[in-house]
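# Notes for the structure review
Chain by chain, the residues run as shown.
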Amino acid sequence: MNGIGCRGRRPGRSTSRQGSVRWRVWVLAVALAGSGGGCGELAWHYDYARGLARGQAQNRPVFIYFRDWMNPQCAQMENQVLRQPESREALGSMTLVLLDVRLFEDVADRHGVSRTPAWVVVRPDDGRELGRYDGLMTQEAFVARLAAIGALGPKGPNDVGLSGSGPDEGVGASSGP
């Protein structure tokens, strides 16, 4: 035998989807760490279930940011919005989860994410959506929207008025939130 094992796979290697996803998450985390990723100095979780559990344990809303590493608008959102001091301050009261849509398609589908960049804020206790947005937005609009969501608190109502999509609040928009 050539050391590969039966059916062309290495002995002891998992062929399950879970093993494949874990490997891709690890690669993504290493890539983000090496590129200064993770959107600034904030503590991001790269695992959906652990992020939700952490939010529940801390009784803090969970901010889920969906990105696609091949979409230049995601890099623009991260550099021009998420890494800014005002945004980091607004995000400081939430548990943060960063997911690549190519690795977490099921989670993106569950939250109705069809394009990137996108984000969703959910309640820690029942996972109900507090607010969402997909597409680019200005840093000012981002902070205003998070302030409105933060005012609701983790036990606040599900305010559908906080859902949105570009370009009404997108980069270059003249009106506020």
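Details of the structure are given in the entry above.
Residues numbered from 1 in each chain as written. Predicted model: local features only at pLDDT ≥ 70, side-chain atom pairs only at ≥ 80, totals over all residues. Heavy atoms only, no water.

Ordered by their spatial adjacency, five strands build an open sheet running 1-3-2-4-5, and the pairing between neighbours is mixed. Both outer strands of the open sheet, strand 1 (44–45) and strand 5 (129–134), are each paired with one neighbouring strand and no more. Two elements, strand 4 (residues 118–122) and strand 5, share five bridges in a ladder whose sense is antiparallel. Counted as the bridge partner of Val122 is Glu129 from strand 5. Strands in contact with helix 2 (residues 48–58) are strand 1, strand 2 (62–67), strand 3 (95–100) and strand 4; relative to strand 3, the strand with the most contacts, it is inclined by about 170 degrees. (Pairing = 2+ DSSP bridges. Helix = DSSP H or I, 4+ residues; strand = E, 2+ residues; numbered from the N terminus. Contact = heavy atoms within 4.5 Å. Axes fitted to C-alpha atoms, helices over the stretch in contact; angles between N-to-C directions.)

A few words on the packing of aromatic side chains. For any pair of aromatic rings, the description rests on two quantities: the centre-to-centre distance and the angle between the ring planes. Evaluated as defined, the whole model comprises five aromatic pairs. Centre to centre, the rings of Phe63 and Phe142 are 5.9 Å apart; their planes meet at 85 degrees, and the pair counts as edge-to-face. Taken together, the residues span a long stretch of sequence, with Phe63 in strand 2 and Phe142 in helix 6 (residues 139–152) at a distance of 79 residues. Taking the relative accessible area as the measure of exposure, Phe63 reaches 0% and is therefore buried. Relative accessible area serves as the criterion here: at 0%, Phe142 is assigned to the buried category. With a centroid separation of 5.7 Å and 85 degrees between ring planes, the pair formed by Trp119 and Phe142 is classed as edge-to-face. Within this pair, whereas Trp119 is found in strand 4, its partner Phe142 is found in helix 6, the two being separated by 23 residues in sequence. Using a relative accessible area of 1% as the deciding quantity, one classes Trp119 as buried. Joined through ring pairs, the aromatic side chains of Trp44, Phe63, Tyr65, Trp119 and Phe142 make up one cluster. (Phe/Tyr/Trp six-rings, centres within 6.5 Å; stacked < 30°, edge-to-face > 60°. Buried < 20%, exposed > 50% of the residue type's maximum accessible area, 1.4 Å probe, protein only.)

All right, on to the pairing of strand 4 then. Burial analysis of strand 4 places five of its five residues in the buried class, the great majority of the element. Of the two faces of strand 4, the one carrying Ala118, Val120 and Val122 and the one carrying Trp119 and Val121 are both buried. Bridge count for strand 2 against strand 4 is five bridges, and the pairing is antiparallel. Residue pairing for strand 4: Tyr65 is matched across the bridge by Trp119. Adjacent in sequence and paired antiparallel, strand 4 and strand 5 are bridged by six residues, among which Gly127 carries a positive phi angle near 75 degrees.

Further remarks concern the pattern of salt bridges. Summed over all chains, the structure comprises seven salt bridges. Asp68 is the partner of Arg102 in a salt bridge, and the nearest nitrogen-oxygen pair spans 2.8 Å. Separated by 34 residues along the polypeptide, Arg102 in the loop between strand 3 and helix 5 (105–110) and Asp68 in the loop between strand 2 and helix 3 (72–82) bring together distant segments of the chain. Accessibility expressed as a relative area gives 41% for Arg102, which makes it partly exposed. (Salt bridge = Lys/Arg side-chain N within 4 Å of Asp/Glu carboxyl O.)

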